[in-house]
Structures are given as structure tokens and as C-alpha cells.
Amino acid sequence: MSVLIFAESNNGKFNKATLEVASYAKAVASSLGTSVSAVAINANDSDALAQYGVEKILNVNNTSLENFNGLAYADVIKQAAEKVGASLVVMSSTTDGKFLSPLVACNLNAGYASNVVALPESTSPFTVKRTAFSNKAFNITELTSDNKVIALAKNAFGLQENQVTITEESFEPTLNDAHLASKVESVDKVTGTVTIADAEIVVSGGRGLKGPENWGMVEDLAATLGAATACSKPVSDLGWRPHSEHVGQTGKPVASNLYIAIGISGAIQHLAGINSSKVKVVINTDPEAPFFKAADYGIVGDAFEVVPKLNEKLKAF
Ligand code: FAD
């Protein structure tokens, strides 16, 4: 069973999620005694993949694929899988990956597992561990089909360097004009210096911060930590912060290494979007706030006192 990854990129460079997928695929391929190939669309960053164990890359350079297009991309991935003879395709559960992976599975008549969080429990039968019910439970899924598609949960596996020599090949898949009839443009909204999707650390504020004029301390703390800023839904609904910062079930998912929640109660819809984060720190005046039950570290205190002091201490490091 040869392994193919979809190497998702932003502005021609592979994102962290792709390098994580490469690390994961390399580990799976090693246990299967095979190698990892990648297909990339309008990216020129093969050295980055070689660092994480990818031995072959199919480069698709085509201006009609400049913007993300689920149907067309899924077609490209299917043809790439056929070209390299891959029966296992791995991609990330990014926003694009969540859209693409089931389409690829349909195209390849493959068994499909999303939100995979660990290496296969067994490769024969092929069983994987995945999260379910907004990360509240795990389930073990057995894929019985010949072809398999896996969408790896972000930050579940981490990066594992494994330098190899990579072979590059130009790949010209057949494109279906009907798939190119619509055009989707994407704009990365960054209010700080780091996007929520790529952030290792996220500093998030809720209605407890009383108003938009108080976000300076959140931004200061984020700047000290090199973090992205985020917020709860009511905060963006009230127009205190842009909608691009709204995280949770109906907002962006966060899978950072550290999530700091300031003045956020921890409603189930908020937690559903952030509980893949590794370490959660909560600052809240109310010791009964539900967030404390989900937190790794909690400070019962007034954000207006705690946050500036915390920032001062962190700056001193
Ligand atoms: P509040 O619930 O008002 O909590 C404010 C908190 O701040 C309180 O715990 C309070 O003790 C604390 N506080 C007050 N003063 C201070 C202070 N000085 N210092 C420190 N702490 C202080 N919400 C989301 O966030 N994301 C979603 O995606 C989302 N999707 C939803 C989908 C649906 C269908 C529904 C019905 C709701 C959704 N919600 C979502 C809303 C969610 O239910 C909560 O209403 C919301 O998360 C509450 O936001 P909050 O914690 O900022 O505000």
C-alpha cells in the first residue's frame, strides 16, 4: 500500500498542517514498508517536504487552480493517487482538507476516516483512532476497502523530522471544465501578526472584557507570546472584534498548543471549537465558570488585574 499526501500550501509554501501530515504519512509508510509521495498545487517548496520524509512530489502548476476549488482539487488528487499507485491518501483536517477529503474518498471509492488522532492501531485490519462528538469521545474505525482516505486532526501528531532525498516531477492532470466553472477567492484575515489556523498559541477574550476598548491588554499579551488573538461568539456578534476571530462550534476551530481564555464562560459551543488545543488556561472571576472544568490551569481573578501582571512577568523572561 503506497501512501500519497495532499500537500496543502498557502502562497506557494507548505503550511504546518502539511508538514504534520508528511510526518504522519512517513510513520505509516515505514510500518507498511513503503514510501510517501505528495501532490502539490502551485507550490514550490519541495525541500520542506523532504525534511519530513516525502520521497517524491508531483508538482501541478496551473493558473486555473490558483484558487481553492474542491471538485477540481479532488480530481487532481485522485489522478495523482492513480499515477503513483497509492491506495492510502492522507491529508489534514484543515478547512480545505475537511471539504476535500470526503470528495477524494468518493472519487477513489475509498473508505474514509476524518479527525484521525494517532497512528493506525493496526494496519491489518486497518484501524484508526478518531475523535467524535466535538472531541468529547474517541472511536476506533476499521477501513475495510482497498483504497483509504484519512484526514488527520491538526496538531494531533506533531512534526517529526526525517530527512530524505526528494524527486520532483511535473504533473499535468486532466481538468474537467465543469469543475472550474466557479471561482472561490480566499482572503487571510490577520488582525495580529499570526493567523489563528497556524498559531501555536492563541489568546482569546470573551464578554467578561466588557468592551472593545479593553482589548489592548489581550493584544499586548498576544504580542509578548507571539500568539494569535481570538474571541467568543458574542464578542464578534457585538462588533467588538472581527468575525474572523470568532472561535468555537460556529466559528474557527483552534488546535493550538496553548489556548488562553480570558473572561470566557466556557459554554459547550465555545469548548467544541477549542478543545483540541493541548493546554488550556482560563482567567475568570467566577470560580463556578464551566471553563474551569475543561482547563489545565485556571486563575480565579479579575482579568483587568491578572492579564497586565501576567504580561509583565512574561516580558521579563
Ligand atoms: P459570557 O457567557 O457572558 O461569559 C463571560 C464570562 O466572563 C463569565 O464567565 C464571567 O464570569 C467572566 N468575567 C466577567 N468579568 C470578568 C473579569 N473582569 N475578569 C475575568 N472574567 C470575567 N459561542 C462561542 O464562543 N463560539 C461559538 O462558536 C458559538 N456557537 C454557538 C452556536 C449556537 C447554536 C448557540 C446557541 C450558541 C453559540 N455560542 C458560541 C454562544 C455560547 O453559547 C455562549 O453564549 C458564548 O460562548 C458566551 O460567550 P462569553 O463566554 O464570552 O460570554
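Under the annotation held in an unreviewed UniProt entry, the protein chain carries the name Electron transfer flavoprotein subunit alpha/FixB family protein and is attributed to Pseudofulvibacter geojedonensis. Here the protein chain is described in UniProt, under the heading Sequence similarities (unreviewed entry), as follows: "Belongs to the ETF alpha-subunit/FixB family."

Q: I'm lost on the side chain of Glu8 in this one. Help?
A: In this structure, Glu8 sits in the loop between strand S1 (2-7) and strand S2 (9-10). The buried charged residue Glu8 lacks any salt bridge partner; its closest oppositely charged side chain belongs to Lys154, at an N-O distance of 7.7 Å. A polar contact of 2.6 Å, which involves the side chain of Glu8, links it to the side chain of Thr94. Excluding residues within four positions of it along the chain, Glu8 makes contact with Lys13, Phe14, Asn15, Thr18, Thr94, Asp96 and Gly97.

Q: What should I look at first to understand the nonpolar core in this one?
A: If you look at the biggest cluster of nonpolar residues, it comprises 32 residues, and the most contacted ones within it are Ile5, Phe14, Tyr24, Leu49, Val54, Val90 and Ile150. Looking at which element gives the most residues to this core, the answer is helix H1 (residues 16-32), with seven residues. Contacts of Ile5, omitting those with residues within four sequence positions, involve Thr18, Val21, Ala22, Ala25, Val36, Ser37, Ala38, Val39, Leu49, Val54 and Val90. Core analysis: the next-biggest nonpolar cluster, separate from the first, contains 26 residues, Val76, Ile77, Met91 and Val149 among them.

Q: How should the UniProt feature "domain: Electron transfer flavoprotein alpha/beta-subunit N-terminal" (unreviewed entry) in the protein chain be read in this particular structure?
A: Under the feature "domain: Electron transfer flavoprotein alpha/beta-subunit N-terminal" (unreviewed entry), the UniProt entry names residues 3-187. Within the segment residues 3-187, helix and strand shares are 27% and 32% respectively, and the terminal C-alpha atoms sit 31 Å apart.

Q: What exactly am I supposed to notice about the pairing of strand S5 (residues 54-60) here?
A: The side chains of a regular strand alternate, first on one face of the sheet and then on the other. Counting buried positions over the seven residues of S5 gives five, a clear majority of the element. In the sheet, strand S4 (residues 36-41) pairs with S5 via six bridges, with the strands oriented parallel. The partner of Ala40 across the bridge, within S5, is Asn59. Here S5 pairs with strand S12 (residues 167-170) via four bridges, running parallel. Residue pairing for S12: Asn59 is matched across the bridge by Ser170.

Q: Honestly, H1 in this entry has me stumped. Any pointers?
A: With 17 residues, H1 ought to run about 24 Å at 1.5 Å a step, and its terminal C-alpha atoms sit 24 Å apart, in line with that. The buried count for H1 comes to 12 of 17 residues, which makes it a mostly enclosed element. Listing the buried residues of H1 in full gives Ala17, Thr18, Leu19, Glu20, Val21, Ala22, Ser23, Tyr24, Ala25, Lys26, Val28 and Ala29. Downstream of H1 by one or two residues, Gly33 has phi in the positive range, about 70°.

Q: How should the site of the ligand be read in this particular structure?
A: Near the ligand you find 27 residues, and of these Ser232, Thr250, Ser265, His270 and Asn284 are the closest. Within the backbone of Gly208, one N or O atom sits 3.4 Å away from a nitrogen atom of the ligand. Take Ser232: an N or O atom from its side chain is 2.6 Å from an oxygen atom of the ligand. Contact with the protein chains removes 74% of the 980 Å² of surface that the ligand exposes when unbound. At the level of secondary structure, the elements contributing two or more residues to the shell around the ligand comprise helix H6 (233-237), helix H7 (268-274), strand S16 (279-284) and helix H9 (303-315). In terms of residue class, the shell around the ligand is built from seven nonpolar, 15 polar and five charged.

What counts and how
- Residues numbered from 1 in each chain as written.
- Predicted model: local features only at pLDDT ≥ 70, side-chain atom pairs only at ≥ 80, totals over all residues.
- Heavy atoms only, no water.
- UniProt positions renumbered as here; feature names shortened; annotations may be inferred.
- Helix = DSSP H or I, 4+ residues; strand = E, 2+ residues; numbered from the N terminus.
- Buried < 20%, exposed > 50% of the residue type's maximum accessible area, 1.4 Å probe, protein only.
- Lys, Arg positive; Asp, Glu negative; His and termini not counted.
- Salt bridge = Lys/Arg side-chain N within 4 Å of Asp/Glu carboxyl O.
- Polar contact = N/O pair within 3.5 Å; in protein donor to acceptor, adjacent residues only side chain to side chain.
- Contact = heavy atoms within 4.5 Å.
- Core = buried A, V, L, I, M, F, W, Y, C linked by side-chain atoms within 4.5 Å.
- Pairing = 2+ DSSP bridges.
- Expected span 1.5 Å × (residues − 1).
- Near = heavy atom within 4 Å.
- Areas by Shrake-Rupley, 256 points an atom, 1.4 Å probe, with all protein chains shown as cover.
- Nonpolar A, V, L, I, M, F, W, Y, C, P; charged D, E, K, R; others polar.

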